[in-house]
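One letter stands for each residue in the lines below.
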Amino acid sequence: MKTHWEYLPEVKDGSTLAEQVLLGRGFSKDEAQYFMGADYTSGLNDPLLLNGMKTAVKRLMQAREQKDTVVIYGDYDIDGITASALLYDFFEQIGLQAETYIPDRFSEGYGINKSALKSLKEKGADLVITVDCGVNSAVEANYAQKINLDLIITDHHEPIGEKPSALAVINPKLPRQKYPFTELAGVGVAYALVRAIIALHPNTVPEGQEKWLLDLVALGTICDVVPLINENRILARYGLMVAQKGRRPGFRALAKVSGTDLSKVSETDFGFRFGPRLNAAGRIDHARVGLATLLAQTDGEGEENAQKLQLLNTERQATTAEILASAKKKAREYKQDCILVLSDPDWSHGTVGIVASNLSEKLRKPTILLQELGDTAKGSARSLGKFSIIDAIESASQYLDKFGGHHFAAGMTLPTENIAAFRHAINQYGIKNLNVEDILKTYTIDVVLSPDKITQESYQEVRLLAPYGNAHPQPLFATTFEVFSLRPIGKDLNHLKLQLRANKNIYSAIAFSKAAAWKDLKIGESYEFAYYLSENEWQGVREIQLELVDVIITTENKKE
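Residues numbered from 1 in each chain as written. Predicted model: local features only at pLDDT ≥ 70, side-chain atom pairs only at ≥ 80, totals over all residues. Heavy atoms only, no water.

**Student:** Which residues make up the packing of helix 4 (residues 53–66) against helix 8 (residues 186–200), and what are the values?
**Tutor:** Close contact between helix 4 and helix 8 brings their axes to 10 Å; oriented N to C, the two are set at 70 degrees. Comparing the axis directions of helix 4 and helix 8 gives the class roughly perpendicular. Between helix 4, through Met-53, Lys-54, Ala-56, Val-57, Leu-60 and Met-61, and helix 8, the contact on the second element is made entirely by Ala-192, Leu-193, Ala-196, Ile-197 and Leu-200. (Axes fitted to C-alpha atoms, helices over the stretch in contact; angles between N-to-C directions. Helix = DSSP H or I, 4+ residues; strand = E, 2+ residues; numbered from the N terminus. Parallel < 35°, antiparallel > 145°, perpendicular 65-115°, else oblique. Contact = heavy atoms within 4.5 Å.)

Pasting the structure below:
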């Protein structure tokens, strides 16, 4: 696949490699220092600046005094279940009676539904508070009013259409906000509510006690792929520190089944080990298994639920592989389309989002996958680059019953008979708004690094920039090396282990899933490689390892 490299401006006045990276990304020296020293005490915004926050706190404290039955209504993805666990945990600490409710993805779908509200009311609920959903549920909010059920909405999704008439609607993306940061995850908004309660009622918990919830905040924030900058960076950074303390039985259990050293857990572990297992519950069975893992009070309880997640994740992987193979075939039928809209009755809408993400990345096209459920179809969309999938979907919303999401990901429901018309309409939007730059795989090189700078010291400097994520990627370096040796490794021999030479020094390198794509590499030839600085530990010995992600193979390289 053809790729494009962009080189950030060369910076010569950075005192460390980390500072050099940030200055190259447009930071001032003061901003770079502030970024690297991201501080929990001074770096979080005032939660009381969020509209509706004071009203929500007042009603929740009233519920505590009156012994009202409060239900935390969460989404079934990892952002929703971490937010649900967070509020449940905190409410329990302050003596507020609460239950949790997570809708079934398959029978109820995303967000608030009237049947659930009716059932909760009949079972004695006085107040429902949503997390990670509800901002686009105006009809359901009106229904809650009709049945005299108080409703507080906390969400972070893009508001579309009429604002719900709930008791309070807390969302940093709503217009006319004084809150300066709009990109919180759903769990980040839930944590802002916790901080607001403490700000207005400081004696509810011992000072600083709420920080033990940050492991949940970091997990939801990282896995929901919100921009890992500003407040999100602070929450993720400190949350990883809390997770490493190992106090939560559910985290200990997840670490055990995923082969993770919890004392060194990183954003990568959250994103690729904890996240898929927790999300598998809602995709294959029911998200309550994931929630039960996070809320486990003992190691035994945590391990029992984590083992269930392990089995569900194995099943999810098999289902995903089947759908991906089928979707690849269907994609050939629409290879002329700039936005793929594919559907099939046999694709579970619980897993199509993962496949859409995979297909989008492989084909470099925004992708929508739908399961046809008789007269109705449900599915997920994934985007890439700078292209907003939610804007594209909104342009063709006349064919949809329901939709929601954000720049990179969205979900939708529509009549099956409308799929063809929806495909045509969204592709008309794509023709006008999708640029080649959004399709081409682009690598942004932070620094062209001299080989003598590839040291343990440089690696430790760069680690100060972690955690990495959306809007704050891991620094990518480029250097020209001679290939000294290379060999395929791995079960399917699809990875490459290389030794690279520069200035008479040998550097260890690994290239994952590149054996076939890089078959033209030749020992003794020199190439410019793009790579991450990483570290490999073997039998107690640590060495710098270059994680190679791309290479420039020119016609000159290919000459015999």
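**Student:** Quick one: what's the story with the packing of helix 14 (residues 299–333) against helix 15 (residues 352–363), residue by residue and with numbers?
**Tutor:** Helix 15 packs onto helix 14 with a crossing angle of 45 degrees between their chain directions and a minimal axis gap of 9 Å. Of the possible angle classes, the one that applies to helix 14 and helix 15 is oblique. Two packed elements cross with a definite hand, and for helix 14 against helix 15 that hand is right-handed. Taking contact as the criterion, the partners of Arg-316, Thr-320, Ile-323, Leu-324, Ala-327, Lys-328 and Ala-331 in helix 14 are, on helix 15, Ile-354, Val-355, Asn-358, Leu-359, Lys-362 and Leu-363. Broken down by class, the residue content of the contact of helix 14 with helix 15 amounts to eight nonpolar, two polar and three charged. (Left-handed = near helix turned anticlockwise from the far one by under 90°. Nonpolar A, V, L, I, M, F, W, Y, C, P; charged D, E, K, R; others polar.)

**Student:** Describe the nonpolar core, with residues and values.
**Tutor:** By size, the foremost hydrophobic cluster in this structure holds 79 residues, and its most contacted members are Leu-86, Leu-87, Phe-91 and Phe-270. Look past the residues within four positions of Leu-87 in its chain and what remains in contact with it is Ile-72, Ile-129, Val-131, Ala-190, Leu-193 and Val-194. Counting residues in hydrophobic clusters, the runner-up holds 36 residues, among them Met-36, Phe-477, Val-483 and Ile-544. (Core = buried A, V, L, I, M, F, W, Y, C linked by side-chain atoms within 4.5 Å. Buried < 20%, exposed > 50% of the residue type's maximum accessible area, 1.4 Å probe, protein only.)

**Student:** Break down the sheet that holds strand 7 (residues 340–344) for me, citing the residues and quoting the values.
**Tutor:** Spatial ordering of the open sheet is given by 7-8-9-11-10, a layout of five strands whose pairing is mixed. Either end of the sheet is taken by a strand with one partner, and the two such strands are strand 7 and strand 10 (402–405). Neighbour to neighbour, the strand axes of the sheet diverge by 15 degrees on average, direction disregarded. Bridge count between strand 9 (residues 376–382) and strand 11 (residues 409–415): seven bridges; the pairing is antiparallel. From the neighbouring strand, Ala-381 faces strand 11, where its bridge partner is Ala-410. Contacts between helix 14 and the sheet are confined to strand 7 and strand 8 (367–373), with strand 7 contributing the most and set at about 125 degrees to the helix. Across the sheet, helix 15 touches strand 7, strand 8 and strand 9, and the angle it forms with strand 9 is around 45 degrees. (Pairing = 2+ DSSP bridges.)

**Student:** Break down the packing of aromatic side chains for me, with residues and values.
**Tutor:** The tally for this structure, following the rule as stated, stands at 14 aromatic pairs. Between Trp-518 and Phe-529, the ring centres sit 6.1 Å apart and the planes meet at 55 degrees, which makes this aromatic pair tilted. You can see Trp-518 sitting in the loop between strand 16 (505–511) and strand 17 (526–538) and its partner Phe-529 sitting in strand 17, a full 11 residues away along the chain. Trp-518 gets classed as buried once you look at its relative accessible area, which sits at 5%. Assessed through its relative accessible area of 0%, Phe-529 is described here as buried. Taken together, Phe-477, Phe-481, Tyr-507, Trp-518, Tyr-527, Phe-529 and Tyr-531 form an aromatic cluster joined through their ring pairs. The residue whose ring lies beneath Arg-247 is Trp-212, and the NZ or CZ to ring-centre distance is 3.7 Å. Looking at Arg-423, its charged tip hangs above the ring of Tyr-334, at a distance of 4.1 Å from the centre. (Phe/Tyr/Trp six-rings, centres within 6.5 Å; stacked < 30°, edge-to-face > 60°. Lys NZ or Arg CZ within 6 Å of the ring centre and 35° of its normal.)

**Student:** Run through the sheet that holds strand 2 (residues 70–74), naming residues and quoting values.
**Tutor:** Spatial strand order, 3-2-4-5-6: five strands in an open sheet with parallel pairing. Lying at the two open borders of the sheet, with one neighbouring strand each, are strand 3 (98–101) and strand 6 (168–170). On average, adjacent strands in this sheet sit at an angle of 20 degrees to one another, irrespective of strand direction. As paired elements, strand 2 and strand 4 (residues 127–131) share five bridges and run parallel to each other. Following the sheet pairing, Val-70 is matched in strand 4 by Leu-127. Along the sheet face, helix 6 (residues 114–122) touches strand 2, strand 3 and strand 4 and points at about 160 degrees away from the line of strand 2.

**Student:** Mind laying out helix 15, listing which residues take part and the relevant values?
**Tutor:** Two residues of an α-helix separated by three or four positions point the same way, owing to the 3.6 residues in each turn. In this model helix 15 runs 16 Å from its N-terminal to its C-terminal C-alpha over 12 residues, within 8% of the 16 Å that 1.5 Å per residue would give. Considered for burial, the residues of helix 15 that qualify are Val-352, Gly-353, Val-355, Ala-356, Leu-359 and Ser-360. Angularly, the buried residues of helix 15 cover 155 degrees about the axis, an arc narrow enough to put them on a single face. Where helix 15 is buried, its residues meet helix 14, strand 7, strand 8 and strand 9. Following helix 15 by one or two positions, Arg-364 has its phi on the positive side, about 60 degrees. (Expected span 1.5 Å × (residues − 1). Arc of directions from axis to C-beta.)

These figures come from the coordinates and say nothing about function on their own.
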